[in-house]
Amino acid sequence: MNEQLRSKLTTLLESSDESKQALLSLLEGVEEKHNGNYKTYLAALMGISSRLMNENTYESIIPNRVLVHNPLGITHGGITASLMDIAMGSLVHQFLPKQQAAVTSEMKIHFLSSGTGSELRCLSTAILKSDTRWVVEANVYRDDQKLVATATGTFMIITKKA
């Protein structure tokens, strides 16, 4: 395994600056997860930072870097969708007892403009809260405050396995 990693790293260190920047972002993300700063590799690779703003609103921000771009040089729609899913699910998790978790059961997204700028900011807000499901909405904005995407998601509340 170590030799495979060395070989790939050596090859990539001789590549373009863009590839080196993507590699650095990947390595930093893996290191952040390894150090316990993130619960998932996906959140770490995205470089997400989040906070609970109030009992009904959660904010998540990702840097808009080459690692998350599509071939057009803008944020990939799947990354935007992941940002929204993480922000909505994280809002729900803030209010669940330790023995429960929330899983996405449905999500509908409308992409409205391109994901450009230095970062994307997602605000998620609870619409419905019950013991078995939550319905949450999310909006993603670019630096210039233009709306990139809007979504609703339904989250089933489940009991964690022991």
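For the structure itself, consult the block above.
Per the secondary structure count, the protein includes four helices and six strands. Reading the protein from its N terminus to its C terminus gives the helix and strand order α-α-α-β-β-α-β-β-β-β. In terms of principal-axis extent, the alpha carbons of the protein reach across some 55 × 40 × 25 Å. Each of the 162 residues in the protein was classed as buried or not, and the buried ones make up 35%. Partitioning the intrachain contacts of the protein with sequence separation of at least 6 by distance along the chain shows that 58% fall at a separation of at least 24. When the accessible area of the protein is evaluated, it comes to approximately 9,700 Å², of which 54% is carbon and sulfur surface. Looking at the protein, you have 16 positive and 16 negative side-chain charges, and the mean spots of the two groups are 7 Å apart.

Grouped together as the largest cluster of nonpolar side chains are 28 residues, with contacts concentrated most on L83, M84 and V92. Take this core: its biggest share by element is eight residues, from helix 4 (residues 77-93). Beyond its immediate stretch of four places on either side in the chain, M84 contacts M107, I109, C122, A138, N139, V140, A149, T150 and A151.

Here strand 1 (residues 49-54) pairs with strand 2 (residues 57-63) via five bridges, running antiparallel. Looking across to strand 2, one finds that N54 is bridged to T57. Counting the residues in the hairpin turn of strand 1 and strand 2 gives two residues.

Looking now at the pairing of strand 6 (residues 147-159). One ladder, built from eleven bridges, connects strand 3 (residues 100-111) with strand 6; its direction is antiparallel. Across the sheet, T104 pairs through a bridge with F155, a residue of strand 6. Taken together, the nine bridges between strand 5 (residues 133-141) and strand 6 define a ladder with antiparallel strand orientation. Each residue of the ladder has a partner; that of Y141, found in strand 6, is L147. As consecutive antiparallel partners, strand 5 and strand 6 are separated by five residues, and within that stretch Q145 has a phi angle of approximately 70°, a positive value.

Tracing the backbone shows D131 in the loop between strand 4 (119-129) and strand 5. Exposure remark for D131: the relative accessible area of 71% places this residue in the exposed category. On a C-alpha basis, the gap between D131 and I74 in space is 39 Å, while along the polypeptide they are 57 residues apart.

Counted according to the given criterion, the structure contains four salt bridges. Put simply, R121 and E59 hold a salt bridge, and the shortest N to O gap is 2.5 Å. Pair noted here: R121 is in strand 4 and E59 is in strand 2, with a separation of 62 residues, a long-range link. A relative accessible area of 23% places R121 in the partly exposed class. For E59, a relative accessible area of 8% corresponds to the buried category. Notably, a salt bridge pairs R142 with D144, separated by 3.0 Å at the nearest N-O pair.

What counts and how
Residues numbered from 1 in each chain as written. Predicted model: local features only at pLDDT ≥ 70, side-chain atom pairs only at ≥ 80, totals over all residues. Heavy atoms only, no water. Helix = DSSP H or I, 4+ residues; strand = E, 2+ residues; numbered from the N terminus. Buried < 20%, exposed > 50% of the residue type's maximum accessible area, 1.4 Å probe, protein only. Contact = heavy atoms within 4.5 Å. Areas by Shrake-Rupley, 256 points an atom, 1.4 Å probe, with all protein chains shown as cover. Lys, Arg positive; Asp, Glu negative; His and termini not counted. Charge placed at Lys NZ, Arg CZ, Asp CG, Glu CD. Core = buried A, V, L, I, M, F, W, Y, C linked by side-chain atoms within 4.5 Å. Pairing = 2+ DSSP bridges. Salt bridge = Lys/Arg side-chain N within 4 Å of Asp/Glu carboxyl O.

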